[in-house]
Structures are given as C-alpha cells and as structure tokens.
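Inside the fold
This is what each chain is made of:
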Amino acid sequence: MKIWLDGGLQDMESARVSVLDHGLTVGDGIFETVKAVAGRPFALTRHLDRLTRSARGLGLPDPDLDEVRRACAAVLAAGPVPLGRLRITYTGGHGPLGSDRGEHGPTLVVALGETGRRPDSTAVITVPWTRNERGALTGLKTTSYAENVVALARARERGASEALFANTVGQLCEGTGSNVFVVLDGEIYTPPVASGCLAGITRALAVEWTGARETDLPLDVLERADEVFLTSTLRDVQAVHRVDDRELPGAPGPATAKAMRVFEERSGDDLDP
C-alpha cells in the first residue's frame, strides 16, 4: 500500500507523522471517507467541498484541493482495488502539547484500504448519549471521533453494526458514521441538518433521488416506523431489520428497496454527481 503524505507517495512502512501532530495530540483535524469503485472515487467533488467546509469551521487553512485530487489519483493508481475506502485526513500539523496551534502548517494524508460490500440489512441500537446540535464541531467531519468509538463498541457488543443518537432535545439525529431515514405510511423522512447530524454526502443524494423529506423526528419514531434505513459512504443505502429489541420483518421493505435500487442505478451512471 502506498500513502500520500505531505506532497508525495510513501510506503506504508516508512510513512510517519510527528507524535506532536495536532491531529494526534488534541484531535485537531478533519477527514473524508470516499468510496472507490474499481480505482475511481465516487462523489469526490462533494467530499472535497465538505472537506473545505470542515476546515473553515475548525479554523484550518483551506486545503489545496488540486493537491488532494492528485493525492487521491496517485494512491488509487498505486493500489487499485475492486471496492475501497479512500481516506483523506487533514490536520492542524505539528504543534505544541496543548490546544494552541503551531506554525508548521497542516498535515495531509491520503490512504486506501480494501473493503467489501455491506449486507443488504443490519441491526442498530439506540444509545443514551446525545449529539449536541449547538456544539462548536456540529456539522463538521472532524477526527475527534472517540464518542463514536464508544457508541459503536456498545453496538458491537449487542450484535448491531451501528448506534443511533438523539440530540439534546430528544430528536432523532444520526448514527456514529451514518445518517438515518424512516418510512411512515409510505413516505420517507430524515432529520434535518439543524438536528445536529452531519450533512452526509450519501444522505444528500438519497434525499435528492428519492424525494425524502427533512423534518424533526422524535427518537421514539424508531418504535413505530414502518421501515428504517441508513445511508453512508460505504453503506450506500442499507435497510435496518432490528432497532434495539424491535424486529422489522421483511427488511428491506418496499420503500427502502426502491431507494436502494435507485441509488445503485443513479450512482452507477455518474461517479461524480
């Protein structure tokens, strides 16, 4: 595997980031995960737009998107895989052992890992912790992911692949690395970005391509929804067959199955929608 680090390709064994990198010491960084199909990235322009938004929200310099594109192309060419996870990481760079940033400039890392196609359906749990819809990092895809690590570990312990959060006012928000949709009386709904959820790339495409409506939803909607599905870069659209102890027999249901089919067709027709 080749990794792009600060200007060029390096072997995985020799690629090194400083132990004083702000992304390591205080989680001062952002990232994007991009699906790569047969050596080509999906929706890269949308991901790079969000990378820039996250950088500005964190107060980092705008990333050089031409360099990021070159880095992605180089890494994909060096190790093409049928289905890959292309990870772009951009941090505050070498800094002091505290929250203040140094003056060395950002660190850029691009790496690729092979992955497999997700199952058509999965189980999820709800967790007692909340998303802060008014926090400084709300809506930014930062490397400060420990909260998600803890929640996802609980999900794994309970035989699920994802954990779902409410926000501080009890509304359904998002998963650790996914957005959530529910189907009520044949209509598809998803929480708005104002709920505190990440503006997912796959979420936006699913809303556009299925006509889903963005609206505030109480967390207990999961107890009565006819269907539930998740969206994310590597899940695409994935049905949910269990929420906590509630089974949703027949998943994917008709609305979810149609959303899965539409997303597969539309994303196959255009790799940079």
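Since the model is a prediction, treat every value here as computed from it, not as a measurement.

We now examine the environment of Arg69. Residue position: Arg69 is located in helix H3 (residues 65-78). Linking Arg69 and Leu48, residues 21 residues apart in sequence, is a C-alpha distance of 8.7 Å. Non-local contacts of Arg69, meaning those with residues more than four positions away in its chain, are made with Leu44, Thr45 and Leu48.

Moving on, we get to the packing of helix H5 (residues 201-210) against helix H6 (residues 254-269). Orientation of H5 relative to H6, taken along the N-to-C sense of each, is 105°, at an axis distance of 10 Å. With respect to their mutual orientation, H5 and H6 come out roughly perpendicular. Contacts between H5 and H6 involve Thr202, Leu205, Trp209 and Thr210 on the former and, on the latter, Ala259, Val262, Phe263, Arg266 and Ser267. Tallied by class, residues from the contact of H5 with H6 come to 5 nonpolar, 3 polar and 1 charged.

Our focus in this paragraph is the pairing of strand E14 (residues 236-243). The buried fraction of E14 amounts to 7 of the 8 residues, a majority that puts the element mostly inside the structure. One ladder, built from 4 bridges, connects strand E7 (residues 121-131) with E14; its direction is parallel. The residue of E14 that forms the bridge with Thr122 is Val240. As defined by bridge partners, strand E13 (residues 227-232) adjoins E14 across 4 bridges and the pair is classed as antiparallel. For Thr231, the partnering residue across the bridge sits in E14 and is Val237. Following E13, the chain reverses through 3 residues before pairing antiparallel with E14. Counting the residues that bridge the hairpin from E14 to strand E15 (residues 246-247) gives 2 residues, and of these Asp244 lies at a positive phi of roughly 55°.

For H6, which comprises 16 residues, the first-to-last C-alpha distance of 23 Å matches the rise-based estimate of 22 Å (1.5 Å per residue) to within 8%. Turning to H6, its buried residues are Ala255, Thr256, Ala259, Met260, Val262, Phe263 and Ser267. Buried residues along H6 sit in contact with strand E10 (179-184), strand E11 (187-190), H5, E13 and E14.

Ranked by size, the top nonpolar core spans 23 residues in total, and within it Leu86, Ile88 and Val110 carry the most contacts. Elements supplying a minimum of two residues to this core: strand E3 (29-37), helix H2 (44-58), H3, strand E5 (83-91) and strand E6 (107-114). In this view, Ile88 contacts Ile30, Phe31, Glu32, Val34, Leu44, Leu48, Leu51, Val68, Cys72, Leu108, Val109 and Val110; residues no more than four positions away in its chain are not counted. Listed in part, the 18 residues of the second largest apolar core include Phe42, Ile188, Ala206 and Val207.

The antiparallel open sheet is built from 6 strands, whose spatial order is E2-E1-E6-E5-E3-E4. Lying at the two open borders of the sheet, with one neighbouring strand each, are strand E2 (8-11) and strand E4 (40-41). Contacting E3, E4 and E5, H2 crosses the sheet at an angle of about 175° to E3.

Using the criterion set out here, one finds 4 aromatic pairs in the structure. When the ring of Phe42 is compared with that of Phe263, the centres are 6.3 Å apart and the planes differ by 70°; the resulting orientation is edge-to-face. Residue Phe42 is located in the loop between E4 and H2, and its partner Phe263 is located in helix H6; the two are separated by 221 residues in the primary sequence. For Phe42, a relative accessible area of 5% gives the class buried. Classification of Phe263 by relative accessible area gives buried; the value is 2%. Taking the centre distance of 5.3 Å and the plane angle of 50° together, the rings of Trp209 and Phe263 count as tilted. Of this pair, Trp209 sits in helix H5 while Phe263 sits in helix H6, placing them 54 residues apart in sequence. Relative accessible area serves as the criterion here: at 11%, Trp209 is assigned to the buried category. An aromatic cluster is defined as three or more aromatic residues linked by ring pairs; in this entry it consists of Phe42, Trp209 and Phe263. The positively charged end of Lys35 is found above the aromatic ring belonging to Phe42, 5.0 Å away from the centroid.

Moving on, we get to the pattern of salt bridges. One pass over the structure, following the stated rule, counts 11 salt bridges. Residue Arg117 pairs with Asp120 through a salt bridge whose shortest N-O separation is 3.1 Å. We classify Arg117 as exposed; its relative accessible area is 58%. Note on Asp120: relative accessible area 38%, which makes it partly exposed. Put simply, Glu174 and Arg131 hold a salt bridge, and the shortest N to O gap is 2.6 Å. Remark: Arg131 occurs in strand E7 and Glu174 occurs in strand E9 (residues 172-175); sequence separation between them is 43 residues. Arg131 matches Glu174 in its accessibility class, with the two residues each being buried. Through salt bridges that share partners, Arg117, Arg118 and Asp120 make up one connected network.

Here is what the cut-offs are and how they apply
Residues numbered from 1 in each chain as written. Predicted model: local features only at pLDDT ≥ 70, side-chain atom pairs only at ≥ 80, totals over all residues. Heavy atoms only, no water. Helix = DSSP H or I, 4+ residues; strand = E, 2+ residues; numbered from the N terminus. Contact = heavy atoms within 4.5 Å. Axes fitted to C-alpha atoms, helices over the stretch in contact; angles between N-to-C directions. Parallel < 35°, antiparallel > 145°, perpendicular 65-115°, else oblique. Nonpolar A, V, L, I, M, F, W, Y, C, P; charged D, E, K, R; others polar. Buried < 20%, exposed > 50% of the residue type's maximum accessible area, 1.4 Å probe, protein only. Pairing = 2+ DSSP bridges. Expected span 1.5 Å × (residues − 1). Core = buried A, V, L, I, M, F, W, Y, C linked by side-chain atoms within 4.5 Å. Phe/Tyr/Trp six-rings, centres within 6.5 Å; stacked < 30°, edge-to-face > 60°. Lys NZ or Arg CZ within 6 Å of the ring centre and 35° of its normal. Salt bridge = Lys/Arg side-chain N within 4 Å of Asp/Glu carboxyl O.

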